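Fold and geometry: a report
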Amino acid sequence: MDALLLARLQFGITTLYHFLFVPVTIGLSLLVAILQTAWFRTNKTHYLRATKFWGKLLLINLAMGVVTGIVQEFQFGMNWSDYSRFVGDIFGAPLALEALVAFFLESTFIGLWIFGWDKLSRPIHLACIWAVAVGSMVSAYFILAANSFMQWPVGFTFNRAANRAELTDFPAVLTNKVLMMTFPHTIFACWATGGMLMIGVSAWHLSRSKAIEVFRPSLRLGLVTALIGTVGFFISGDTLGKVMTETQPMKMAAAEALYETQQPASFSLFTIGTLDGTKPIYSLEVPRLLSFLATASFNGKVQGINDLQREYQTAFGPGNYRPYIPITYWGFRLMVGAGLLIGIIALAGLWLTRRGRLPSHPWIWRTAVLAIILPFLATSTGWIFTEMGRQPWLVFSQLKTVNGVSPSVGHGTVLTSLVVFTVLYGLLALIELGLMLRYARSSPPEAPGPGPSGDDQPLAFAY
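Right, let's walk through the structure included here.

Criteria and cut-off values
Residues numbered from 1 in each chain as written. Predicted model: local features only at pLDDT ≥ 70, side-chain atom pairs only at ≥ 80, totals over all residues. Heavy atoms only, no water. 1 Å grid on protein atoms, 1.4 Å probe; cavity = no way out; pocket = protein on both sides within 12 Å on 5 of 7 lines; lining within 4 Å. Points joined across faces, edges and corners; volume = space filled by probe spheres on them. Helix = DSSP H or I, 4+ residues; strand = E, 2+ residues; numbered from the N terminus. Nonpolar A, V, L, I, M, F, W, Y, C, P; charged D, E, K, R; others polar. Axes fitted to C-alpha atoms, helices over the stretch in contact; angles between N-to-C directions. Parallel < 35°, antiparallel > 145°, perpendicular 65-115°, else oblique. Left-handed = near helix turned anticlockwise from the far one by under 90°. Contact = heavy atoms within 4.5 Å. Buried < 20%, exposed > 50% of the residue type's maximum accessible area, 1.4 Å probe, protein only. Polar contact = N/O pair within 3.5 Å; in protein donor to acceptor, adjacent residues only side chain to side chain. Pairing = 2+ DSSP bridges. Phe/Tyr/Trp six-rings, centres within 6.5 Å; stacked < 30°, edge-to-face > 60°. Lys NZ or Arg CZ within 6 Å of the ring centre and 35° of its normal.

Here we look at the layout of surface pockets
Roughly 1,500 Å³ of internal volume is contained in the largest pocket. In terms of lining, the largest pocket is formed by 48 residues, of which the most central are F11, T15, H18, Q72 and W383. When contributions to the lining of the largest pocket are tallied by element, the ones reaching two or more residues are α1 (3-19), α2 (21-42), α3 (45-78), α4 (81-115), α5 (122-151) and α14 (373-388). Take the lining of the largest pocket: its biggest share by element is 10 residues, from α1. Of the residues in the lining of the largest pocket, the class split is 29 nonpolar, 13 polar and six charged.

Let's talk about the packing of α5 against helix α7 (residues 177-206)
Contact pair α5 / α7: the axes reach a minimum separation of 9 Å and the direction vectors enclose 135 degrees. Looking at the two axes, α5 sits oblique to α7. Every pair of crossing elements has a handedness; the one defined by α5 and α7 is right-handed. Contacts between α5 and α7 involve M137, A140, Y141, L144, A145, S148 and Q151 on the former and, on the latter, V178, L179, M180, T182, F183, T186, I187 and W191. Partitioned by chemical class, the residues of the contact of α5 with α7 number 11 nonpolar, four polar and no charged.

Some thoughts on the side chain of S236
The topology assignment puts S236 in helix α8 (residues 212-247). Owing to a relative accessible area of 7%, S236 belongs among the buried residues under this scheme. Among the polar contacts listed, one links the side chain of S236 to the backbone oxygen of F233, at a separation of 3.2 Å. With near-sequence residues (within four places) excluded, S236 lies in contact with M181, P184, H185 and F188.

A few points about the pairing of strand β2 (residues 164-167)
Both strand β1 (residues 156-159) and β2 contribute to a ladder of four bridges, which runs antiparallel. Its bridge partner lying in β2, F156 is registered against L167.

Topic: the environment of L258
Within the secondary structure, L258 is located in the loop between α9 (249-256) and β3 (267-273). For L258, a relative accessible area of 5% gives the class buried. As for L258 and H46, which are separated by 212 residues in sequence, their C-alpha atoms are 53 Å apart. Leaving out residues up to four positions away in the same chain, L258 has contacts with A253, L290, V302, Q303, G304 and I305.

Focus on the packing of α8 against α9
Any two packed helices are characterised by how steeply their axes cross, that is the angle between the axes, and by the distance between the axes. Interaxial distance between α8 and α9 falls to 5 Å at its minimum, and their mutual angle equals 120 degrees. Viewed along their axes, α8 and α9 adopt a mutual orientation that is oblique. In this structure, α8 uses G241, M244, T245, E246 and T247 to contact α9, whose residues at the interface are P249, K251 and M252. Considering only residue class, the contact of α8 with α9 consists of three nonpolar, three polar and two charged.

Focus: the packing of aromatic side chains
Tallying each qualifying case throughout the model produces 27 aromatic pairs. Centre to centre, the rings of W54 and F215 are 6.4 Å apart; their planes meet at 80 degrees, and the pair counts as edge-to-face. Here W54, found in helix α3, pairs with F215, found in helix α8; they are 161 residues apart in sequence, far enough to count as distant. An identical accessibility class is assigned to W54 and F215; each is buried. A ring pair is formed by Y83 and F91, whose centres lie 5.9 Å apart and whose planes are at 90 degrees; its orientation type is edge-to-face. Across the pair, F91 and Y83 agree in class, each one buried. Here the aromatic cluster, defined as three or more aromatic residues joined through ring pairs, consists of Y312, F316, Y321, W393 and F396. Across from the ring centre of Y329, 3.7 Å away, lies the NZ or CZ of R333, which sits over that ring.

Below, the structure is given as structure tokens:
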């Protein structure tokens, strides 16, 4: 394995690991804010207990997300210096705003929320957790603005003398049509993630008849949030698919492993192909569905991989412009399949818990607990599809991945950092899982009063 492949592996591992925490932070911060609002409006103790219980899990996750997120920015200079030189003028503005505005908002108000229970008035304290929830979404917007430039570069000119992109229209970067669809798609996925985490943990407690007055409302809130997130995820994903067809048609063709242009084009639910992947042996297809997903018409024309390869060779010169098809094909289906299961579970859960009911069958509770993995599967495979489907480009049509790696960083250096990061992240995963399991299994605080110790100690510790 050369330095390029090792650098890609390292960035992929650290990015996916960090992205495990991001959806939980965005989704759970909103749910904690909703629970505290319910306590503020009703003054019912069980809402306060639920706020503090879920607040512990939020803070543990937030702390891990901050630590792993810092590594991402270092890697731009470590292994991808040529890439950083090329996009630095573009990325500087949104990433600076993310740090100076969004992250500042998050970190400041989460501190006030943790330590302000007995020091701030209830309205101001409530406003703090809402500021955290809003800040986390604003942070995602700026980061996705930078990533969307990689998918569809706008608002720049190419300086040939300096061999870099230079920012000319910052509003265009912040209103990139890919960003306009990617942002809601991501936020809805985060809400589904927070909802499913709340469903699974609540199910574990309810199956043991523990703190029913706290976890039944939490379960219902999680079910509603997961359902809203799933519906929004698919609606925004449908629109995003059409934008993707317009901006990166090769990615849409790779999602279906469509080698030849078709009109209309079918969508395969499952395909077994030849060893080279170019011909299907068996395929279960939905007629005309791919045409609708790509063009909003059941009779729409969808370009195939082979035609696009020839087109790109003419436009960009000799080379292989096909992404790795098995990853894009199955990554897309795993994302969609996991999303569908989340929606089904949320609907079933709302029906089973209607009018104050709780299921009596143990397998229902076990299913709810195991389903916690689904949103992480959906978000991870979706992110892999998004990034791998863009290959061989780092910045589509402007900079290839092979040209973005640091020229002075050798094989041994990247291999060493890859091993170190993998081992370190493995240890952090054990710590994170241990903390989350410990506090997820613990009972919610009994005393309504916050106080500087006791119930609040885990919150301060996580912070």
